[in-house]
Amino acid sequence: MTIWQIVIAASIAVLAIKFAGYLVPVRVLSRPAPARIADLLTVALLAALIAVQTLGTGQAIVLDARVPAVLVAALLFWLKVPFIVVVLAAAVVAAAIRAFL
């Protein structure tokens, strides 16, 4: 099986799953449990994405300048600092650590 066949098969599978979501009745999705699960699943997926992008390099876990930069960004978000300031501060922290280490 070539890479293009895998990409096409995965694309068809994603399209089928997305279409299946439209077939779920509204009364099922309006109940509290599915709504709560959907909210928590979104947060869990975002947290996993952040963890993988921050700590992962290939197949290894690496602690480098990204970790303190994400911690600074999290602190600034908690303090409700504007987004552009958060991004710039995290970039400066990462750059400074990489420059001096």
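Scope of this entry: the structure provided in the associated data block.

Below, the discussion takes up unusual backbone geometry. With a phi close to 60°, Lys80 is a non-glycine residue in the positive phi region. Here Lys80 shows up in the loop between helix H4 (66–78) and helix H5 (83–100). Here Lys80 falls in the exposed class, since its relative accessible area comes to 73%.

We now examine the pattern of salt bridges. Scanning the model with the defined rule gives one salt bridge in all. Two residues, Arg66 and Asp64, come together in a salt bridge whose shortest N-O distance is 3.1 Å. Here Asp64 falls in the partly exposed class, since its relative accessible area comes to 29%.

Core analysis: the largest hydrophobic core is formed by seven residues, namely Ala65, Ala69, Ala73, Leu76, Val86, Ala90 and Ala94. Looking at this core, the elements that each hand over two or more residues are H4 and H5. Residues within four places of Leu76 in sequence aside, it is in contact with Val81, Val85, Val86 and Ala89.

Definitions and cut-offs
- Residues numbered from 1 in each chain as written.
- Predicted model: local features only at pLDDT ≥ 70, side-chain atom pairs only at ≥ 80, totals over all residues.
- Heavy atoms only, no water.
- Helix = DSSP H or I, 4+ residues; strand = E, 2+ residues; numbered from the N terminus.
- Buried < 20%, exposed > 50% of the residue type's maximum accessible area, 1.4 Å probe, protein only.
- Salt bridge = Lys/Arg side-chain N within 4 Å of Asp/Glu carboxyl O.
- Core = buried A, V, L, I, M, F, W, Y, C linked by side-chain atoms within 4.5 Å.
- Contact = heavy atoms within 4.5 Å.

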